[in-house]
Amino acid sequence: MVVYPDWAALAPALALAVTGLVLLLIDSVDPDDSRPGLLAGTAVVGTLVSLGYAGWFLASGTGQVDGGTGAISLYRDALVVDGMALFFQAVFAVVTALVCIASYDYLKERAYQAEFYSLVMFAATGMAVMATANSLATAFIALELASLPSYALVAFLKHNRGSVEASLKYFLIGALSSAVFAFGISLVYAATGSLLLADVASALSALDGGLTGVAAIGVLMVAGGFAFKTASVPFHFWAPEAYEGAPAPISAFLSSASKAAGFAVLFRVFTTAFPLDAAGVDWMLLFQVLAVVTMTLGNFAAATQETVKRMLAYSSIGHAGYALIGLAAWSGGAPGSVENGAVLGASMAHLLVYGFMNTGAFLFVALAEQWDVGRTFEDYAGLGSRAPMASVAMTVFMFSLAGVPPFGGFFSKLFLFAGAVDAGFWWLAAVGVVNSTLSLYYYSRVVKALWVDDPVGEFELGGTPTGLYVAVVFAAVGTLLLLPGFAPVIETAQSVAAALVP
Amino acid sequence: MVPAEWYLILAAAVFCIGVFGLLTRQNALLFLMSVELMLNAANINLAAFSYYWGNVTGQTFGLFVMALAAAEVAVGIGIILVLYRNFSAVDVTDATTMRW
């Protein structure tokens, strides 16, 4: 039997990084973007290889507790490959693959395609490393690796004022929050003398009076840094602007993969490094407040929007609120008990389902932009009869995002709210249910526009972009397949989440 | 020897100057400088407490923060450049084609 070196466990991240470099190589050999198919194909193959590795490792037990090798620590514990890291890496790979397929049509006739794909790959690499980060230092650097290419990608349409403005706002808030994050890390280091998550936890538990306040401020600032990445209150201002102004495939990428990456590192850092009783601040209460405010604000703001893309942006903030429940209701009970993983795992499963349905919804918006039908709800009127397949897919996404029963989004929300109730936070679940009900209003506006309303004027759809169609339909199939396939997903998510809890 | 708390106060002061600049300035370049100040406040802490704890973790991470600050400025200047081309100004309050 072949014995693989330990670093081979990083294969999902390495595959993405190598793909990014190969794309740059192709670009230097053939600099005039004459083979868009080759670039898109390379990017898609690279993400599928990454997905394959992540899936294979998950199935074979690499890094997992049950029937596997146990968590693999690399580079003096700076990185760790465990079930949670692999789960999230699979999510990133799926979303990135969908985005790359869709970008093939979106980027036609545009310059700098190779740069676009390689920036997407490098951002995805950063996200994959974020999921494995086991030290505050690697968490910070991976977060920046994911952020810096994203700023450039949002400004990709550099002659479009909206795109540039979106990028500026994204960058300004990103730079601010990364400075806050870095300062928070420096305070945690000041109090504990270490950056490794496990050492930080033990040093916090042994902390004597004087530095507790410093540690508490540090923990709050670190939470602020993650709030930016996950587009949660109070660092959510960038999200509606960046998602509205960015090229639609990039909006899909940021709102699904980037958000999931923020949650991956948020879950690991807070469950591992900051023990509830010793962090000097009750961060569960903090996340309960943030979860309630984030989902309420996101859903109410979404209900008042006129353009579909901006509505989706606010709904994305709302979904960050749902996912925060995973941490807000994390009970920190007896070591190794099953209940600890349940609600966190449900939150992870929700992020996976969200990866499919939200990416799909934004890609449908990309399709509409490609056809030039307009941005508001009214402009979508009558699309149902002109583009039935894509409209059926969009209907699936909308109902799934709202959490209407026979779709994937229903089950993930059900498990999430049930987990919150089990953990004793029935009021969190209640707020979530009320918000979900409200969200049905604005999601069904899209469905109504697609199928019921009559179009305002006559218009022709310009062509059928194959790649976009494939991506949208594939995302819809994924959302539907998560219906029968939800049991293994939630089991995997909950077992890897339970392994995370010390 | 200067007590460790003084470094914390110094770093906090530098950080607050950065936040103040960020909230009051409208020029995007001054905004970048303010962010630099905030990152350097973190570096002061890291270097001071690296000495306090007797390990080099903090100093090493400080180097990483500096490198990242440089990378961030590189991307930021690029964005400010396209901002100037589109809006003919580097005023962050000019770019308001979308609602906040």
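Note that the structure is predicted; figures quoted are calculated from it, not measured.

Caption draft 1: A look at the environment of Leu 98 of chain A. Residue and element names in this part refer to chain A. Turning to its location among the elements, Leu 98 is positioned in helix α3 (residues 83-106). Residue class for Leu 98 comes out buried when judged on its relative accessible area of 1%. Distance in space between the C-alpha atoms of Leu 98 and Phe 253 is 8.9 Å, their sequence separation being 155 residues. The contacts of Leu 98, once residues within four sequence positions are left out, are Thr 359, Leu 363, Ala 471, Phe 474 and Ala 475.

Caption draft 2: Region of the structure containing a nonpolar patch on the surface. A surface patch of nonpolar side chains, amounting to about 500 Å² of accessible area, comprises Tyr 4, Val 45, Val 49, Tyr 53 and Trp 56 of chain A. With respect to the helices, strands and loops of the structure, Val 45 of chain A is situated in helix α2 (residues 36-60).

Caption draft 3: Region of interest: the packing of aromatic side chains. For the structure shown, the criterion picks out 35 aromatic pairs over all chains. Ring plane angle 85° and centroid distance 6.0 Å describe the contact between Phe 87 of chain A and Phe 88 of chain A, whose orientation is recorded as edge-to-face. We classify Phe 87 of chain A as buried; its relative accessible area is 6%. Ring geometry for Phe 116 of chain A against Phe 156 of chain A: centres 4.9 Å apart, planes inclined by 65°, an arrangement best described as edge-to-face. A residue pair is termed long-range when its members are at least 10 positions apart, and Phe 116 of chain A in helix α4 (residues 113-132) and Phe 156 of chain A in the loop between α5 (136-154) and α6 (161-192) qualify at 40 residues. Exposure remark for Phe 116 of chain A: the relative accessible area of 2% places this residue in the buried category. Through pairs of rings, three or more aromatic residues link up here, namely Phe 140, Phe 181, Phe 226, Phe 270, Phe 274, Trp 283 and Phe 287 of chain A together with Phe 61 of chain B.

Caption draft 4: View of the UniProt feature "transmembrane region" (unreviewed entry) in chain B. Residue and element names in this part refer to chain B. Mapped onto this structure's residue numbering, the UniProt feature "transmembrane region" (unreviewed entry) falls at residues 6-23, 30-54 and 60-84. Between the first and last C-alpha atoms of residues 6-23 the distance is 26 Å; the span itself is 100% helix and 0% strand. Between the end C-alpha atoms of residues 30-54 there is a gap of 36 Å, over a span that is 96% helix and 0% strand.

Caption draft 5: Just the packing of helix α1 (residues 11-29) of chain A against α2 of chain A, in detail. All names here are of chain A. Where α1 contacts α2, the two axes come as close as 8 Å, and the packing angle between them is 170°. Comparing their axes, α2 and α1 come out roughly antiparallel. Residues Ala 11, Pro 12, Ala 15, Leu 16, Thr 19, Val 22, Leu 23 and Ile 26 of α1 touch α2, and the partners they reach there are Leu 38, Leu 39, Thr 42, Ala 43, Gly 46, Thr 47, Val 49, Ser 50, Tyr 53, Ala 54 and Phe 57. Each residue belonging to the contact of α1 with α2 can be placed in one class, and the counts come to 14 nonpolar, five polar and no charged.

Rules behind the numbers
- Residues numbered from 1 in each chain as written.
- Chains lettered and ligands numbered in written order.
- Predicted model: local features only at pLDDT ≥ 70, side-chain atom pairs only at ≥ 80, totals over all residues.
- Heavy atoms only, no water.
- Helix = DSSP H or I, 4+ residues; strand = E, 2+ residues; numbered from the N terminus.
- Buried < 20%, exposed > 50% of the residue type's maximum accessible area, 1.4 Å probe, protein only.
- Contact = heavy atoms within 4.5 Å.
- Patch = residues over 30% accessible without salt bridge, like charges linked within 9 Å, V, L, I, M, F, W, Y side chains within 5 Å.
- Areas by Shrake-Rupley, 256 points an atom, 1.4 Å probe, with all protein chains shown as cover.
- Salt bridge = Lys/Arg side-chain N within 4 Å of Asp/Glu carboxyl O.
- Phe/Tyr/Trp six-rings, centres within 6.5 Å; stacked < 30°, edge-to-face > 60°.
- UniProt positions renumbered as here; feature names shortened; annotations may be inferred.
- Axes fitted to C-alpha atoms, helices over the stretch in contact; angles between N-to-C directions.
- Parallel < 35°, antiparallel > 145°, perpendicular 65-115°, else oblique.
- Nonpolar A, V, L, I, M, F, W, Y, C, P; charged D, E, K, R; others polar.

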